[in-house]
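# A look at the structure
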Amino acid sequence: MRDHASPKPRSPLRRHLLQGIVTLPLIGLSAVGQAAPPATAVVNTTKLAVTDTEVTVGQLHSATGTMAISETGSIQAEQLAIDQINAMGGVLGRKIKVIKEDGASDWPTFAEKSKKLLINDRVAAVFGCWTSASRKAVLPIFEKENGMLYYPTFYEGLEQSKNVIYTGQEATQQILWGLDWVSKEKKAKTYFLVGSDYIWPRTSMKIARKHIEGHLADSKVVGEEYYPLGHTQFNSLINKIKAAKPDVIFIAVVGGSNVSFYKQLKAAGVTAAKQTLLTISVTEDEVLGIGGENMAGFYASMKYFQSLDNANNKAFVQAFKAKYGAKAVIGDVTQAAYLGPWLWKATVEKAGSFDVDKVAAASKDIEFKGAPEGYVKIHANHHLWSKTRIGQAQADGQFKVVAESPDLIEPNPFPKGYQ
């Protein structure tokens, strides 16, 4: 789409931002510039931080600690979306103000900061968390204080809340399709499962094991190991993997541990030339730290890769790099984080209110046709319909998409037979 804005000279950043904006669905734009914004007393009946000109939201991610390698992209993508929305006139005629809090890779800190945002700051929505441990820590607070969280990470499912919109995939979308693919394409029969030691990897591997042993013909798990967050010594694990000789190593290691794990794999001679590896936790963000040469040839099961070839994604990548630098990379969770502010904007404008109860009630069937991944829609269970893709890591740190589900996969956070 051509940019029909004013021909006056513009800075490169503004030009790139606008190029990113024009391919996005202009949700609610018909009202911008044509009528006065609705009265604050009408759109804010629960004493949220909403004025006649501004609405305040929170960001709650790990800017420091072992998870910062994964969460920095989410912080950046959410800010980009908010900047673009503000450039278009905001939400219900109000510009978005952001209060940023650092969860510091510490779950009690996440809980403490969520209380501050909801009780003291009275934010209208929060975009945040990465690990399931952090989400579980804040969930009771969001439900008690009636806040709204937009959570961007692929996760284990087995959860549904009025107070959360899950913009990443749940397990049945990411894990089951990925295992089906590797079973068929690589004729895999034996699997070695590895994860970080907390709720998401353990629950994900429980689901993976049930699928491998109950749904993939003649297949079995030949090893299963977990390591603490931040763990860096994987040589004993690698020796166990070599001894087991699995057809597939299936991985859910998160955060900074990935750097040590993949470097040590390569040093031990475990490369894609000899071993099929499928991860559900390494995106372009992590590869930036791992080094593409240490991941080359391995596979990841995600709904988004930076290399996706569609107009929405090209505009998104261009705008992201214009804001954060030519070397910036974008992974699955970063893209899912970008969806949060856009979905919130669309839902608020459908509801005609910032009130959380009204936003929650209006969320079902909200569409985002401008999603970089192509298209998403919110299900009644507050998860997103989305496709699943398999990417093969390249030496330059990007992924080549080698497979894609033919249709959007319906989210099913409580899969029968997997609990």
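Residues numbered from 1 in each chain as written. Predicted model: local features only at pLDDT ≥ 70, side-chain atom pairs only at ≥ 80, totals over all residues. Heavy atoms only, no water.

## Some words on helix H9 (residues 257-267)
- Counting buried residues along H9, eight of its 11 residues qualify, which places the element largely inside the surrounding structure.
- Among the residues of H9, those classed as buried are Ser 257, Asn 258, Val 259, Ser 260, Phe 261, Tyr 262, Gln 264 and Leu 265.
- Summarising the contacts, the buried residues of H9 are in contact with helix H3 (68-87), helix H8 (235-244), strand E8 (248-252), strand E9 (276-279), helix H10 (284-290) and helix H11 (292-295).
- One or two residues past the end of H9 sits Gly 269, with phi positive at roughly 85 degrees. (Buried < 20%, exposed > 50% of the residue type's maximum accessible area, 1.4 Å probe, protein only. Helix = DSSP H or I, 4+ residues; strand = E, 2+ residues; numbered from the N terminus. Contact = heavy atoms within 4.5 Å.)

## Digging into the sheet that holds strand E11 (residues 367-368)
- The strand order across the open sheet formed by three strands is E11-E12-E13, and the pairing between neighbours is antiparallel. One side of each edge strand has no neighbouring strand; the edge strands of this open sheet are E11 and strand E13 (384-385).
- Across the sheet, helix H13 (residues 332-351) is in contact with E11, strand E12 (376-378) and E13; its angle to E12 comes to roughly 55 degrees. (Pairing = 2+ DSSP bridges. Axes fitted to C-alpha atoms, helices over the stretch in contact; angles between N-to-C directions.)

## With respect to the confidence of the model for the protein
- For the protein, the average pLDDT comes to 92, and 92% of its residues sit at 70 or higher.
- In this model, residues 1-33 is a region of pLDDT below 50 whose contacts with residues beyond four sequence positions or in other chains number 45 contacts. (pLDDT = per-residue confidence, 0-100.)

## Brief notes about the pattern of salt bridges
- Tallied over the full model, the rule gives 20 salt bridges.
- Between Glu 101 and Lys 113 there is a salt bridge, with the nearest N and O atoms lying 3.4 Å from each other. With a gap of 12 residues between them, Glu 101 in strand E2 (residues 95-102) and Lys 113 in helix H4 (residues 107-120) connect regions that are remote in the sequence.
- Salt-bridge contacts for Lys 358 lead to Asp 355; the nearest nitrogen and oxygen are separated by 3.7 Å.
- Classification of Lys 358 by relative accessible area gives partly exposed; the value is 39%. (Salt bridge = Lys/Arg side-chain N within 4 Å of Asp/Glu carboxyl O.)

## Side note on the side chain of Ser 281
- In this fold, Ser 281 is placed in the loop between E9 and H10.
- In this structure the side chain of Ser 281 is engaged in a polar contact, spanning 2.7 Å, whose partner is the backbone oxygen of Val 253.
- Excluding anything up to four places from it in sequence, Ser 281 contacts Phe 154, Trp 200, Ile 251, Ala 252, Val 253, Val 254, Glu 286 and Met 302. (Polar contact = N/O pair within 3.5 Å; in protein donor to acceptor, adjacent residues only side chain to side chain.)

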